[in-house]
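Coordinate analysis (summary)
What follows is each chain in one-letter form.
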Amino acid sequence: MIIAISITLFFIVLRFTVTLFNFISNPKLTRVNRHYTDFVSILIPARNEAGNILSLLQSINRQDYRDFEVIVYDDESSDKTYAVCTKFADTHKGFRVIKGNELPDGWTGKNYACHQLAKQARGDYFLFLDADETIANGLINSAVHRMKIYKLGLLSLFANQVMPTMGEKTTVPLLHYMLLNLLPLRLVYLSKNAGIAVACGQFMLFDAAIYRENWWHQLVSDKVVEDAAIMKLVKSASCNGEVLLANGMINCRMYKSYREAITGFSKNALAVFNYSIFSVLIYIIMLAGGPMLVLMTLNFNLIFFMLGLIILTRIMISLSAGQSAIYNVITHPIQMINLVMIAFISIQKNLTNTNVWKGRRV
């Protein structure tokens, strides 16, 4: 009992320390006023995104950065994605749409779409965006500046999340919560160890010359969590990679309901742990079960110490992510229950080979 409690408290202190480092180091994309003219290919894979993608295209068109092309890949959508994008492209210079091919064996849909987009792109930089985002003025200039100053092969950003429903507010914050209290983000750039790698597919900006030498998406053709896998490959190739928070320059609504959020996160949860069920279970036991064990001691000092660190951790992560600290603190127990559900659903889908997203088995 004493050993289990000691391990739990050590785990909480360790996560608090990582969170504190991230909060102090402030790993956010810095806005710059300097204007660049490098040609950027903005590449958007889209499958059944008719309700989202127009907002993204409009936000790109409003950008103060004008040296770009936009290519949308319609990945066999069953809705009006192709029609929506084509109508927009017909009246806006620099925008075009590709009708996707049948998905070959050995590929995930997104990776194949990104590979096809890259083959069509002409830019000095390749910027892959998800269709459920909007971007703000200053994003492209600031990102290109970062690529040049730090000589990056890949820059990835974690977007600010839009969460209008209660279900989203008790699930989506888990993304930044797990990210910012497990990994010091600055180490992705500072460390040459390819094992220290994370990325977000919502924003992946590549040096096009390096991309064309490697065709990163082809190298991870069958990976569900392709973003982190690509970052590992980039670093393994002795190229610089960096991951930052978007600092309000990208907004994304990942999911539109509680059910969709649970399904979406469970699609990737086990893959994040390299499909190790044991690792997932240990993490869940330490994250959710450990604090319950401390509460059962009825030791006020231990409980106060533990709750203080958890609350401070949630506050720092919320402020870094542009989220409500009060709301995340209040709903923390509910979010932990949802995290346990996501983990077990992910394990169940993996064991029964029933992991499906947007009509495709993954």
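Residues numbered from 1 in each chain as written. Predicted model: local features only at pLDDT ≥ 70, side-chain atom pairs only at ≥ 80, totals over all residues. Heavy atoms only, no water.

Turning to the sheet that holds strand β7 (residues 160–161), a few remarks are in order. Within the open sheet, the 3 strands sit side by side as β5-β10-β7. Their pairing is mixed. In this open sheet, the two strands that pair with only one neighbour each are β5 (133–135) and β7. Where β5 meets strand β10 (residues 250–252), 3 bridges bridge the pair, whose relative direction is antiparallel. Bridge assignment links Ile135 to a residue of β10, and that residue is Ile250. (Pairing = 2+ DSSP bridges. Helix = DSSP H or I, 4+ residues; strand = E, 2+ residues; numbered from the N terminus.)

Here we take up the pattern of salt bridges. Within the structure shown, the criterion is met by 7 salt bridges. Here Arg146 ties to Glu242 by a salt bridge, and the two come within 2.9 Å at their closest N and O atoms. Of the two residues, Arg146 is situated in helix α5 (residues 139–149) and Glu242 in strand β9 (residues 240–245); the sequence distance between them amounts to 96 residues. One exposure class covers both Arg146 and Glu242, and it is buried. A salt bridge links Glu168 to Arg253; its shortest N-O distance comes to 2.8 Å. Of this pair, Glu168 sits in helix α6 (residues 166–169) while Arg253 sits in the loop between β10 and α12 (258–272); the two residues are 85 residues apart in sequence, bridging distant segments of the chain. Relative accessible area serves as the criterion here: at 0%, Glu168 is assigned to the buried category. (Salt bridge = Lys/Arg side-chain N within 4 Å of Asp/Glu carboxyl O. Buried < 20%, exposed > 50% of the residue type's maximum accessible area, 1.4 Å probe, protein only.)

Tallied over the entire structure, the rule returns 3 cavities of 30 Å³ or more. Pro45, Lys110, Cys114, Phe128, Leu129, Asp130, Gly201, Met204, His217, Glu226 and Ile230 together form the lining of the largest cavity. Of all elements in the fold, only α4 (109–120), β4 (125–129) and α11 (226–236) reach the threshold of two or more residues within the lining of the largest cavity. (1 Å grid on protein atoms, 1.4 Å probe; cavity = no way out; pocket = protein on both sides within 12 Å on 5 of 7 lines; lining within 4 Å. Points joined across faces, edges and corners; volume = space filled by probe spheres on them.)

The next thing to look at is the side chain of Asp132. The topology assignment puts Asp132 in the loop between β4 and β5. Once residues lying within four places of it in the same chain are set aside, the contact partners of Asp132 are Asn52, Asn251, Cys252, Arg253 and Met254. (Contact = heavy atoms within 4.5 Å.)

Another aspect to go through is the packing of helix α13 (residues 277–296) against helix α14 (residues 300–321). Between α13 and α14, the least distance of the axes is 9 Å, while the angle of their chain directions is 150 degrees. As summarised for this structure, α13 and α14 are arranged roughly antiparallel, according to the angle between their axes. Relative to α14, the crossing made by α13 is left-handed. Taking contact as the criterion, the partners of Pro291, Val294 and Leu295 in α13 are, on α14, Leu302, Ile303, Met306 and Ile310. Classifying every residue of the contact of α13 with α14 gives 7 nonpolar, no polar and no charged. (Axes fitted to C-alpha atoms, helices over the stretch in contact; angles between N-to-C directions. Parallel < 35°, antiparallel > 145°, perpendicular 65-115°, else oblique. Left-handed = near helix turned anticlockwise from the far one by under 90°. Nonpolar A, V, L, I, M, F, W, Y, C, P; charged D, E, K, R; others polar.)

Turning to α14, a few remarks are in order. Spacing of three or four residues puts side chains on the same side of an α-helix, whose turn is 3.6 residues. In this model, α14 (22 residues) spans 31 Å end to end at C-alpha, consistent with the 32 Å of a helix rising 1.5 Å per residue. When we look at burial in α14, the residues that qualify are Ile303, Met306, Leu309, Ile310, Thr313, Arg314, Met316, Ile317, Ser318, Ser320 and Ala321. The N-cap of α14, judged by a side-chain oxygen 3.1 Å from the amide nitrogen of Asn301 a few residues on, is Asn299. (Expected span 1.5 Å × (residues − 1). Polar contact = N/O pair within 3.5 Å; in protein donor to acceptor, adjacent residues only side chain to side chain.)

Now for the sheet that holds strand β6 (residues 152–158). Reading across from one edge, β3-β2-β1-β4-β8-β6-β9 is the order of the 7 strands in this open sheet, with mixed pairing throughout. Both outer strands of the open sheet, β3 (95–99) and β9, are each paired with one neighbouring strand and no more. Strand-to-strand twist of the sheet, defined as the mean angle between neighbouring strand axes without regard to direction, takes the value 20 degrees. Bridge count for strand β2 (residues 68–74) against β3 is 5 bridges, and the pairing is parallel. Looking at the pairing, Ile71 lines up with Arg96 of β3. This element, helix α3 (residues 81–90), spans β1 (40–46), β2 and β3 of the sheet and lies at about 150 degrees to β3.

Scanning all chains against the criterion turns up 13 aromatic pairs. Arranged with centres 5.3 Å apart and planes meeting at 70 degrees, the rings of Tyr255 and Phe265 form a pair that is edge-to-face. One end of the pair, Tyr255, is in the loop between β10 and α12; the other, Phe265, is in helix α12, with 10 residues separating them in the sequence. Considered together, Tyr255 and Phe265 belong to a single accessibility category, that of buried residues. A connected cluster of aromatic rings, assembled from ring pairs, spans Phe126, Phe128, Phe206, Tyr211 and Trp215. The ring of Tyr82 has Lys99 sitting right over it, with the charged end atom 4.4 Å from the ring centre. One Lys or Arg, Arg314, reaches over the ring of Tyr177 and ends 4.4 Å from the middle of that ring. (Phe/Tyr/Trp six-rings, centres within 6.5 Å; stacked < 30°, edge-to-face > 60°. Lys NZ or Arg CZ within 6 Å of the ring centre and 35° of its normal.)

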